[in-house]
Each structure stands twice: as structure tokens, then as C-alpha cells.
Amino acid sequence: MSLGRILALLSRHMYLYKRSFARLLEIFYWPFLDLVVWGFITVYLEKVGMPVHGAVTFFLGALILWDVLFRAQQGIAVSFLEEMWARNLMNLFASPLTVGEYLVATMTMSVLKVTAVGGLMMLFAWVFYSYDILLMGISLLPFVLNLVVSGWIIGVLTTSIIMRFGQQAEVLAWGMVFLFQPISCVFYPIDVLPPVLQSIAWMVPPAHIFEGMRAVLTTGMVPVTHLLWSTGLNFGFLVIIVALFYHTFNVCKDRGMLVRVGE
Amino acid sequence: MPASDSMASPVVEVRNLTKRFQGFTAVDNISFDIKKGEILGLLGPNGAGKTTTIHMLLGLITPTVGSIHMFGLDLATHRETILQQVNFSSTYISMPFSLTVEENLKVIARLYELKHIQQRIDDIVKKLEMEDIRHRLTRKLSSGQMSRLTLAKAIMTEPKVLFLDEPTASLDPDIVNKIKSFLKEYQRSEGLSILYTSHNMREMEEMSDRIIFLQRGKIVAEGTAPEIIHRYGQRDLEEVFLKLAREQNGP
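**What about the overall build of chain B?**
The number of helices and strands found in chain B is 10 helices and 10 strands. A globule of 251 residues ought to have a C-alpha radius of gyration of about 18 Å, and chain B, at 18 Å, matches this closely. Over its C-alpha atoms, taken along the principal directions, chain B stretches across nearly 50 × 45 × 40 Å. Within the span of chain B, comprising 251 residues, buried residues form 44% of the whole. A separation threshold of at least 6 residues defines the contact pool for chain B, and within that pool the share at least 24 residues apart is 69%.

**Points about helix α5 (residues 117–127) of chain B**
All names here are of chain B. Among the residues of α5, Ile 121, Ile 124 and Val 125 are the ones counted as buried. The arc that holds the buried residues of α5, viewed along the axis, is 100 degrees, so those residues lie on one side. Of the residues in α5, the exposed ones pointing more than 90 degrees away from the buried face are Gln 119 and Lys 126. If you follow the buried residues of α5, they end up packed against α4 (101–111) and α6 (143–156).

**Things to note about the nonpolar core**
Within the largest apolar cluster, 140 residues are counted, with the highest numbers of intra-cluster contacts made by Leu65(A) and Ala152(B). Per element, the largest residue contribution to this core is 16 residues, and it comes from helix α3 (residues 55–85) of chain A. Each of domain 1 (1–85 + 159–170 + 192–251) and domain 2 (93–158) of chain B gives at least three residues to this core.

**With respect to the packing of helix α7 (residues 172–184) of chain A against helix α9 (residues 205–219) of chain A**
All names here are of chain A. Relative to each other, α7 and α9 sit at 50 degrees, their axes nearing to 9 Å. With respect to each other, α7 and α9 are oriented oblique. The element α7 and its partner α9 pack so that their crossing is right-handed. In this structure, α7 uses Phe 180, Ile 183 and Ser 184 to contact α9, whose residues at the interface are Pro 206, Ala 207 and Phe 210.

**Quick word on the environment of Thr157(B)**
Residues and elements named next belong to chain B. Within the fold, Thr 157 resides in the loop between α6 and β7 (161–165). The spacing of Thr 157 and Leu 105 is 52 residues in sequence and 9.8 Å in space, taken between C-alpha atoms. Filtering out sequence-adjacent residues up to four positions away, Thr 157 remains in contact with Asn 87, Ile 108, Tyr 112 and Leu 114.

**As for the interface of chain B and chain A**
Contacts between the two partners involve 24 residues from chain B, matched on the other side by 28 residues from chain A. Broken down by secondary-structure element, the contributors of at least two residues to the side of chain B that touches chain A are α3 (79–83) and α4 of chain B. Its residues placed into classes, the side of chain B that touches chain A shows 14 nonpolar, six polar and four charged.

**What to know about the packing of helix α1 (residues 3–19) of chain A against helix α5 (residues 99–129) of chain A**
Residues and elements named next belong to chain A. Here α1 crosses α5 at 45 degrees, and the two axes come no closer than 9 Å. Classified by the angle their axes make, α1 and α5 are oblique. Handedness of the crossing formed by α1 with α5: right-handed. On α5, the residues touching Arg 5, Ile 6, Leu 9, Leu 10 and His 13 of α1 are Glu 101, Tyr 102, Val 104, Ala 105, Thr 108 and Met 109.

The rules behind these values
- Residues numbered from 1 in each chain as written.
- Chains lettered and ligands numbered in written order.
- Predicted model: local features only at pLDDT ≥ 70, side-chain atom pairs only at ≥ 80, totals over all residues.
- Helix = DSSP H or I, 4+ residues; strand = E, 2+ residues; numbered from the N terminus.
- Rg over C-alpha atoms; globule rule 2.2 N^0.38 Å.
- Buried ≥ 20, exposed ≤ 12 C-beta atoms within 10 Å, placed from the backbone.
- Contact = placed C-beta atoms within 7 Å.
- Arc of directions from axis to C-beta.
- Core = buried A, V, L, I, M, F, W, Y, C linked by C-beta atoms within 7 Å.
- Domains from an automatic or database assignment.
- Axes fitted to C-alpha atoms, helices over the stretch in contact; angles between N-to-C directions.
- Parallel < 35°, antiparallel > 145°, perpendicular 65-115°, else oblique.
- Left-handed = near helix turned anticlockwise from the far one by under 90°.
- Nonpolar A, V, L, I, M, F, W, Y, C, P; charged D, E, K, R; others polar.

Set out below in C-alpha cells:
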């Protein structure tokens, strides 16, 4: 594994963000709009006296964490799309760059994106709604890290599908994560779901993470069971999904699709 | 080692290379060598298997059957070591549009972990007369300038083997001439081995030490340009090309 090649790939994306207004919008504008809309909803809920305990904390906290998952996934999937649109995959994979280095670079990219978006949303929430997510304390950190890993899993899965099926699947880079939203129980507790969906949700790491977040909010304690479940599931899924990516990459090389992806 | 022995040692050894795509055979049991310091021309009509062969040599397509060795190493098991010493340029590739020429070259230099990056970029930009476009966005380049950029990225890494897939297509005659002279001179001074494809037969005759003619994925002729012309009883390489291409495509 070469750090130099990983940094090379990161520098390529940094150059891109440096002068791309559309890509900067992705970091500043959409998260800001999300926060404004959900912020007003929570203000309204508090005004009409809806019986949601700590509505601001509940919804804005969930929204910021949802964006962590969303941007972590996008950091990987959109990075692949950028290479596909620029017809740059041949330049990359005809160089000494390995698949492992490519994945590490995109995962690092997703962490940078999450840090930028998360930081800005925290700032906006504090400025506009006097909401400080950091009050939840350090106990939230392991859940945030787990959420980033969940984003990687969905991102690598999305990338595998796009690599295999080409441009017709590129919409998944924005839509895939929403498939997991209902069973991730971002804005509601898991017991709201019908029993069948509850069984499925317990197999999804983000469901444990958002349940854990709510437990942190209400009790101030770290729910160790949820933390262990989310960590274990994330580890298992990450191994499976990375193996799938390698397999898909080899299938694409075998079928000559790597040189045609994006056409 | 005497110079003649060094010239004779193959740096690329391709044996029984075959690629089948769901019932269609794109490359059919071809074997060839490229010696150190040799320019091997790969000729053939569209669909003959030239680009698929180059993609297999770059590790972008997995062969169905056969082996590729470079510098005595198997590409299937020593990909990183081999690709560190290999590069390619093609009319059919691009570089990230939102980066400037210089930024793209910097990324490539980092990808190949080159030393003295800025100096190398300055050198290659000067050699390929790209000073006026080095800070230009890649999306604003003409097709000829883009060809020069992809050639610059290939040469900058100082490869020992270079695959050039129609590198002079869409360039004006003046720059084609300069690029050919540059490649010849660079190849002589560095002992570079080149696999070269082009649809310009005169260019092929000028550039190649030896030529392989592919037809429907098979090697149908191999030798120097005069040998091939003589074997087919034609006046020049273009006539040989037309004869073989019409055989492939039918009446």
C-alpha cells in the first residue's frame, strides 16, 4: 500500500473541489437547506406543543448524523463517478495504483467530506437554532465513527453496481442511501416499524446507531449493546462489500468493461 | 553485455494471448516479443484486436488464455512493479477536464511517485511545446492539445515500455513531425521500447522497426515494412493494409 499514490488521488479531488462551484454547493448549500427546513419544523413542533421530548435535539441531531451517513456514502460513490465522467479510469488503473489504494483514497475523501459538511451543519445549527450537538458529549463519537463506516459500506456497494452496470446506474450515487433510510430509523424509534421491518432493521448498522443516539440523548449513557451490534455488523458488512468490490472489479476486467465504463 | 545482446533481449513477451468476449474472439492466440529499444508497429483494420491487445498489456483486460511477461516478470502477479515502468497514450483517453494541464501532470507524477516533479513537468512541457497551455483547463484544450497532454503524461514517467495507440491522430502535420522526431530521439537515447498503432501507413513505415499485422484477432503478417510489402506483392504498406482489410471485411 503506497501512501504517495493515495495522496495523489486525493490531490486530484482537491484540485477539482478548489474550482468547482457545483461541488462546493454540495458541501455548503444542500446541507444548509436541509438544516433550515428541519430547523423550522422543529421550531413549529415546539410551538404547537407536540409531545416530542427535546424536539430540536431529536430532529436536528438526527439530521446532522443522517448527513454524516449520506456524505460518507457520496464521498465514495461520487468520487468514482468523477473518474467515470472524466474518462480517467484507464489512466488510474493502467498505473501502479492498486484497488486497495483506490478504496482507501475514496474512503479518506469521504471522511474529509463528512468533516466539512458535519462541521458546517454543526455551525449552522448553533448559529440559527442555538443547538450544540457537542453537548451530547464524547459518548456520541463512537456512533459517528460507526456511521462513517456504514456510509463507506453503502458507497462501495453503490460503486460496485455503477462499475458493473455503467452510466444507467449512476443515479444510485444519490439514491442508494435512501433505500436504507426507512429501516435506519433516523427520525423515529425502531419500535414504530412493523415487526417484519423491525427484524430487518436490527440487521442494519445505522438502525443501532440512531437508536444509540436517542439513548444517549435521553439517558446520557452510552448504550453498549447498540454500539457493539453496530460495530460488529459494520465490520462484517465492510469485509463482504470490499470483497464484492474486488470481485466486481475482476469481472469488469474480464469482460472488458473497465475500459468502457461511462461510455 | 554488448549493445547488440542488450538490443536482442525482449522486454515484452506475449505468448498465446487470447481474449474471448461471450462467444466473440477479439484476440486469437497471438505471440510476439518487443525487444529493448525496438519500435513494434501493430497494424490492422478496425476491430482487428489492436486496442484489446494493448488493454491486456496494460492489465485493464484479463486475457482468457495466454501470458504476458515484461522485464522477465509475469503481469498477472507483478502488476505494480511492471506498470511502474510502463505507460501509454491514446487518442481514445482523456484526462480530468476540471484540472489544468499542469495539475493533471502533477497528479500523474504523484501516482507514479516521481522525484523532482516540478522539474520534470517543466522539461516535458518545454519538449512538447506546451508552455502556452500549461495553466489552461483541460476542458478548454483542442483535440490536438489533448493528444499532446496524454503523450506528456506518458513520457513524463520515463517508462521503459510505451504503448502508443494512434498518438498522432488529430494533430497538425507540423506537430506530428515534431512528436515523431521527439519519440525517435527519446527512444534512441533512453533505449525505450514502443508498441505503436496508427492508421497512417507512412508514419508506420517511418516509425516501426518491425510490424505485426492483425486481422480478426490473428497475426497474419510479421516482419519489417519492406518484407511485408514484398511478401504481399504490393507497392507500399497502404496497399497491403487495404488488401488485408478488404479480406477481413469481405467484398
